[in-house]
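Here's the letter readout for the chains.
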Amino acid sequence: MEIVIEKKENVMNCCVTGKIDTVTSTELQKKVDLSDVTDVTFDLSNVDYLSSAGLRFFIVCHKTLAAKSGSLKIVKIQDHVKEVFDMVGLDSILDLS
């Protein structure tokens, strides 16, 4: 997995490439520091697999940012990855584009 992070003031944009699974979600959690940001966008256009550990990562991000009145957006999701969010009902909770 590859993660490219751009931060400007309290906004963070993350572009993720590869799989988000049990191993890589831990790496993602270590690299994505939400302590000084309120608005985060994840570009998942190059993510081809998402496990339940990846879903958990995005739920934690959402809760952390919501507690600071921030926002989480997940954009450019491949159809088969979006189906994973849809199957567990996260499409109604998270901002998926």
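For the structure given in this document, a descriptive report is provided here.

How each quantity is defined
Residues numbered from 1 in each chain as written. Predicted model: local features only at pLDDT ≥ 70, side-chain atom pairs only at ≥ 80, totals over all residues. Heavy atoms only, no water. Helix = DSSP H or I, 4+ residues; strand = E, 2+ residues; numbered from the N terminus. Contact = heavy atoms within 4.5 Å. Polar contact = N/O pair within 3.5 Å; in protein donor to acceptor, adjacent residues only side chain to side chain. Pairing = 2+ DSSP bridges. Axes fitted to C-alpha atoms, helices over the stretch in contact; angles between N-to-C directions. Right-handed = clockwise from strand over helix to strand, strands pointing away.

On to the environment of Asp 36, then. You can see Asp 36 is positioned in the loop between helix H1 (22–31) and strand E3 (39–50). Considering only alpha carbons, one finds Asp 36 and Asn 10, 26 residues apart in sequence, at a separation of 6.3 Å. In this structure Asp 36 touches Lys 7, Glu 9, Asn 10 and Lys 68, once residues within four positions along its chain are discounted. Within the local environment of Asp 36, its side chain forms a polar contact with the side chain of Lys 7, the two groups lying 2.9 Å apart.

Another point: the sheet that holds strand E2 (residues 11–20). As summarised here, the arrangement of the five strands in space is E1-E2-E3-E4-E5, forming an open sheet in which the pairing is mixed. For this open sheet the edge positions go to strand E1 (2–8) and strand E5 (95–96), each flanked by a neighbour on one side alone. Of the strand pairs in this sheet, E2 and E3 are connected by nine bridges, and their pairing is parallel. Bridging across to E3, Met 12 finds its partner in Val 40. Against the sheet, H1 contacts E1 and E2, and its axis sits at roughly 165 degrees relative to E2.

Our next topic: the pairing of E2. Across seven bridges, the pairing between E1 and E2 is antiparallel. Looking across to E2, one finds that Lys 7 is bridged to Met 12. The hairpin formed by E1 and E2 contains two residues between the paired strands, and Glu 9 there has a positive phi angle of roughly 55 degrees. Taking the sense of rotation as the criterion, the β-α-β connection linking E2, H1 and E3 turns out right-handed.

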